[in-house]
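Below, each chain spelled out in residue letters.
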Amino acid sequence: MTQSEMTRLQALRASAMQERDPTAADDVLAVLLAEAERVRAARILEVGTGRGLTSLALALSTGASVTTVERDDGRIAAARENFAAFGIQDRIRLLEGDASEILPLLEGPYDLIFLDAAKVQYRRFLPDCRRLLRAGGVLLSDDVLFFRDGVPHKRRMLAQHIREYLEALQADPLFRTEILSVGKGLAVSVRQEEHT
Ligand SMILES: C[S@@+](CC[C@H](N)C(=O)[O-])C[C@H]1O[C@@H](n2cnc3c(N)ncnc32)[C@H](O)[C@@H]1O
């Protein structure tokens, strides 16, 4: 990524944060980029594009091709505008619609999958993530410690969904999972070689 691209991307990230439009925290993004480099990612899948800022960071830093899924029309338009502004739309494929309908249609293998969508659906996405990730690849699930400081009464169901997702992930012999205390918690799950 050139210095000018980095400066422009930082400005877009700053304005998203200021407008409270969710984008990955700096320390989450740093892990994401380091993992992409570690696994020498050539194909990346992101679930939850937002304005496209993590897709842009990944595509610009690694040279990988990125497939990203988003269902919100306003964010789809913003992401497309951002990709075009960086002249990188040929390396980022934005699939429009609900990931629960799109993921089953995708073909792997991907080297890295970033799960950053509705947390209530993570559990539902897991079988497709298992299927789509190559051996040695990495699944990163954001916001898994969202309620580490306590669960408001109204969010009990969501908290339970996240807990169930984490339990499934940690019990899954296909993955070796570590939970990092960056952002609101990031699960880093490396797909093992020997299981199917
Ligand atoms: C946290 S934002 C993504 C931010 C982006 N990854 C970044 O860090 O800049 C989550 C996005 O996921 C989208 N989303 C949530 N559930 C989804 C689903 N089931 N299918 C597709 N998109 C979804 C939301 O519309 C929202 O734009």
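Check the entry above for the structure.
Colleague: Mind showing me how you'd approach the overall build of the chain here?
Modeller: Regarding its fold elements, the chain presents seven helices and seven strands. Starting at the N terminus and ending at the C terminus, the chain contains elements arranged as α-α-β-α-β-α-β-α-β-α-β-α-β-β. Computed over C-alpha atoms, the radius of gyration of the chain comes to 16 Å, within 12% of the 16 Å expected from 2.2 N^0.38 for 196 residues, which places it in the range of a compact globule. For the chain, the spread of C-alpha atoms along the three principal axes comes to 45 × 40 × 30 Å.

Colleague: Help me understand the site of the ligand in this model?
Modeller: As a matter of local geometry, the ligand sits amid 22 residues, with Thr 23, Ala 24, Glu 70, Asp 116 and Gln 121 nearest to it. Ala 24 is positioned with one of its backbone polar atoms (N or O) 2.8 Å from an oxygen atom of the ligand. Within the side chain of Asp 98, an N or O atom sits 3.2 Å from a nitrogen atom of the ligand. For the ligand, whose free accessible area comes to 600 Å², the fraction covered by protein is 93%. Looking at the shell around the ligand, the elements with two or more residues in it are helix 3 (53-62) and strand 2 (65-70). Taken together, the residues of the shell around the ligand sort by class into eight nonpolar, seven polar and seven charged.

Colleague: Looking at this model, I keep getting lost on the environment of Arg 176. Mind explaining?
Modeller: As for its position among the elements, Arg 176 is in strand 6 (residues 175-180). Looking at Arg 176, the relative accessible area reads 53%, which means it is exposed. Sequence separation of Arg 176 and Ile 102 is 74 residues, and the distance between their C-alpha atoms is 26 Å.

Colleague: Teacher, can you tell me more about unusual backbone geometry here?
Modeller: Most peptide bonds take the trans configuration, and most residues that are not glycine carry a negative phi. Here the residue pair Gly 108 and Pro 109 is connected by a cis peptide bond, since its omega of 0 degrees sits within 30 degrees of zero. Along the chain, Pro 109 turns up in the loop between helix 5 (99-102) and strand 4 (110-115). With a phi angle near 60 degrees, Arg 20 is a residue other than glycine that sits in the positive phi range. Take Arg 20: it is sitting in the loop between helix 1 (3-18) and helix 2 (26-38). Positive phi, normally seen in glycine, also occurs at Asp 143, with a value near 70 degrees. In this fold, Asp 143 is placed in the loop between strand 5 (133-142) and helix 7 (156-171).

Colleague: Explanation requested: helix 3 in the structure shown.
Modeller: The periodicity of an α-helix, 3.6 residues per turn, causes residues three or four positions apart to be oriented the same way. With eight of its ten residues buried, helix 3 lies for the most part within the structure. Listing the buried residues of helix 3 in full gives Leu 53, Thr 54, Ser 55, Leu 56, Ala 57, Leu 58, Ala 59 and Leu 60. In the segment just after helix 3, Gly 63 is the residue with positive phi, at about 80 degrees.

Here is what the cut-offs are and how they apply
- Residues numbered from 1 in each chain as written.
- Predicted model: local features only at pLDDT ≥ 70, side-chain atom pairs only at ≥ 80, totals over all residues.
- Heavy atoms only, no water.
- Helix = DSSP H or I, 4+ residues; strand = E, 2+ residues; numbered from the N terminus.
- Rg over C-alpha atoms; globule rule 2.2 N^0.38 Å.
- Near = heavy atom within 4 Å.
- Polar contact = N/O pair within 3.5 Å; in protein donor to acceptor, adjacent residues only side chain to side chain.
- Areas by Shrake-Rupley, 256 points an atom, 1.4 Å probe, with all protein chains shown as cover.
- Nonpolar A, V, L, I, M, F, W, Y, C, P; charged D, E, K, R; others polar.
- Buried < 20%, exposed > 50% of the residue type's maximum accessible area, 1.4 Å probe, protein only.

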